[in-house]
Each structure stands twice: as structure tokens, then as C-alpha cells.
Amino acid sequence: MKFIISSSAFLSFLSTTGKVISSKNTLPILDYFLFELKDGVLKVTASDLETTLVGTIKPESIEKEGVIAAPVKLMLDSLKEFSEQPLTVEADENTWEIKISWKSGSLSIPGTSGLSYPTPPQLAEERSEMDFDVDMLLTGINKTIFATADDELRPVMNGVYVDIVPDKCTFVATDAHKLVRHTVETETGRTASFILPKKPANLLRSMLVKEEGSVKVAFDSKNVMFTLKNSVLVCRLIEGTYPNYSAVIPTANPNRVIVDRIEFLNAIKRVAVCSNQATNLIKLDITNNNIDLTAQDLDFSYSANETLSCAYEGEKIVIGFKSTFLVDILSNIETPSVVVELADSTRQGVFKPVYDDKQSSETLMVLMPMLINA
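Presented here is a report on the structure given in the accompanying data block. Small disclaimer: the values here were computed from a predicted structure and weren't measured. (Residues numbered from 1 in each chain as written. Predicted model: local features only at pLDDT ≥ 70, side-chain atom pairs only at ≥ 80, totals over all residues. Heavy atoms only, no water.)

1. Considering the pattern of salt bridges
By the definition in use, this model includes 16 salt bridges. Connected through salt bridges with shared partners, the residues Arg-127, Glu-129 and Lys-216 form a single ionic network. (Salt bridge = Lys/Arg side-chain N within 4 Å of Asp/Glu carboxyl O.)

Structure representation (C-alpha cells):
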């Protein structure tokens, strides 16, 4: 194997592909990239068995085709030290030595045979296939992924649930304390669903930023495959039944607050400094178009309060929320104003962005309250 490639393009390409690789692999071969040079294209595979990413790049020139496994850490560490310049990469398939040469020097690192590299999982013939708009898929993941759980006992909550019906697509994530539902009106023509794990969702998010148009998505009961312009991501789905998210979204919350999102967010951050470190409880006392925010830690005699103006329709209400969850929710809404719908101090609050015009998508966030000790 021998080819010439731009150092910066090669580094960027391998850095993206290498994000799949786990720090604790069960098989030694998974600490390697699989390089396959054929038909004018370099195909690089990285895997942690659960997720496999196959990327392709065109070298500037090719002298000899071949297959070899290259160590991930050594490849990335060496490429980081180069300024933009052409590199000649040569692999000896007898000794498995990989030699990288440039204008003024060369280095060699040990590779290995690629024969034992695991092949990506294949989807069953009975599969669902559809095209997702890049922006829709990227926005759906961005809006929801922060609310996913890290729960070993309930693995179905550790990913983003994609619920597809003929006229819309819904992205949902919850950790039992907060829930996010992002719905997009789109003609799908089918009914299907899957739970995308957090790691490949984050990886897909970083890749979709550079994509345009649409992404082909195919999935069966166990795996999902995303086909992008220059790469294919295959990952194992989370198996199980997702909780009935619609049942926990309140339908009748008569008390309605509209408040400036940035002012509200910054006030919470200031007051939360004095909240109890174990609970992060922050109390909201809402009445007469004002929100009084209070936090205190009785163990250390810390306390803080701040008053914000708002537009309020409803009866006086006092409710407590975990400040870190409030910050998460308000940070993931992009509009200048936010509406908070409440029923009473024991029932969950609903947070929605306030738009000036009609949108083809809807984002709704639900947060469970905390008990306020008298």
C-alpha cells in the first residue's frame, strides 16, 4: 500500500472516524483503524463492536493498493504535529510496518494484519428505509440529547427515541426528571420507531454539521445505518419498549408565565450559587407579574434571592425545581422568550419556546418539581 495525501485532510478525516473508538476495548484489534486502499479511494473503518464508522477519502495519488490495520493513537498523535503538507504513506504487508514520509523526514510505526478486523453488522432484509432531511435530523438530536439518562437499570432511557408516523417525526429523550419532545411535520408515509444510543447520536451530530441535503436511514429491529456523503455509520439500537412519553406530558396547566429566557437563565445561575449542594433546589414564587427566585443552604447559612418581571396569567404559585435541570432546559431553547405552564407545586412544569410566527416543528420540555420543605 502506498499513497500521497494532505496532512491536514488526513488528520481531520481520521479524527472524525476515531471518535467511535472506546478507551477500553474488549479486542486488541479495536485499537486500530482498518485501512483499505482500492479503486482510487481510501476506506477507513473504526469500531467498538456496538458502533462502526466507515469513512472514505480520495488521496492525491495512489501507487499501490492494499489492506492494513494502523494503530489509532500513534496515527493521530503523529499527524497532529504536521503543518499542511503532502505526506507519503507506505505500508509493507510483509512486516506490517507503516512508513510516513515528508519533505524533510520520515517516521515508521507498527501496523498489523487487517484480516481479524470485525466486519460491520448487516441489516436484515426486512428493514425500514427512508430519507431524513439533514437539518431535521440534526435539530432533533440537538434538542433532545441533553435529556437522555445514564441508567443501567433502564437502558431504553439512555438514548434518543425516534417515533415516526405518516405525517410527522418525533424525537424524545427523558431521564425521568426531565423530558424533551421535538416534533417535526414531515411526510414520512410510514409508521416505525427506534431508540438511538447516546454515543452514536453524539457522533452523528458532529458529522451532520458538514452534510447537506438528506441522509439515508435504514434500520431493522437491532441495527440502524446512516449513509452520509462520505461515510456510513452503523450502530446497534437499544432494544426494549420506550416509556409512554405522552402520558407524562400535562394537558391542563392553567397558570402561564412568559419571561425573557436569558434574564431568567442568568438569574437562576446567580441564585443557584447559594442552593444546597445536594439538592440544588431553587424556589420560584410567582405572582403579580413577578418571579421571586430563592435558594438557601441552611447548613452553611447561605441564601440568595432575585426578582424578575414577567407576564403571568394565573393564581399565585410557589414551586421548586432543581437549578441544574432548569439551566439545561433554558440553555437548549433558542428563542428570546420562554413560556412556562404550571398547575400546582406538585405537578410538572411545561417549558416551550415563544415564536413570532408559525413553525413546522414544535419543542416541548417537561420538568418534575422538587418538594419544598416548609
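Resuming the write-up.
2. Looking at the sheet that holds strand β3 (residues 41-47)
Pairing within the open sheet is antiparallel, and its eight strands lie in the order β6-β2-β3-β4-β17-β16-β15-β10. The open sheet has two edge strands with one neighbour each: β6 (66-71) and β10 (128-133). Across the sheet, the mean angle separating the axes of adjacent strands is 20° when strand polarity is ignored. Bridge count for strand β4 (residues 51-57) against strand β17 (residues 231-236) is five bridges, and the pairing is antiparallel. Directly across from Thr-52, in β17, lies its bridge partner Val-234. In the packing of helix α2 (residues 72-79) onto the sheet, the strands contacted are β2 (32-38) and β6, and the crossing angle to β6 comes to about 80°. (Pairing = 2+ DSSP bridges. Helix = DSSP H or I, 4+ residues; strand = E, 2+ residues; numbered from the N terminus. Axes fitted to C-alpha atoms, helices over the stretch in contact; angles between N-to-C directions. Contact = heavy atoms within 4.5 Å.)

3. Let's talk about helix α5 (residues 261-272)
With twelve residues, α5 extends 16 Å between its outermost C-alpha atoms, agreeing within 8% with the 16 Å of an ideal straight helix rising 1.5 Å per residue. Looking at α5, one finds that the buried residues are Arg-261, Phe-264, Leu-265, Ala-267, Ile-268, Val-271 and Ala-272. On an axial view of α5, the arc spanned by its buried residues comes to 165°, and they lie on one face. At the N-terminal end of α5, a side-chain oxygen is found 3.1 Å from the backbone nitrogen of Ile-262, two or three residues along, and the residue is Asp-260. (Expected span 1.5 Å × (residues − 1). Buried < 20%, exposed > 50% of the residue type's maximum accessible area, 1.4 Å probe, protein only. Arc of directions from axis to C-beta. Polar contact = N/O pair within 3.5 Å; in protein donor to acceptor, adjacent residues only side chain to side chain.)

4. Description of the packing of aromatic side chains
Following the criterion strictly, the structure yields nine aromatic pairs and no others. Taken together, a centroid distance of 6.1 Å and an interplanar angle of 55° make the contact between Phe-10 and Phe-35 tilted. Residue Phe-10 is found in helix α1 (residues 7-18), and its partner Phe-35 is found in strand β2; the two are separated by 25 residues along the sequence. We note that Phe-10, like Phe-35, is buried. Ring geometry for Tyr-161 and Tyr-245: centres 6.2 Å apart, planes at 65°, overall edge-to-face. With Tyr-161 in strand β11 (residues 159-165) and Tyr-245 in the loop between β17 and β18 (255-260), this pair connects stretches of sequence that are 84 residues apart. (Phe/Tyr/Trp six-rings, centres within 6.5 Å; stacked < 30°, edge-to-face > 60°.)

5. Here we look at the pairing of strand β25 (residues 349-353)
Here β25 lies mainly inside the structure; four of its five residues are buried. Bridge analysis of strand β24 (residues 337-342) against β25 gives four bridges, and the strand direction is antiparallel. By the bridge assignment for β25, Val-340 is matched with Phe-351. Between β24 and β25, which pair antiparallel in sequence order, lie six residues. Looking at chain direction, β25 and strand β26 (residues 361-367) are connected through three bridges and run antiparallel. What sits directly across from Phe-351, in β26, is Met-365.

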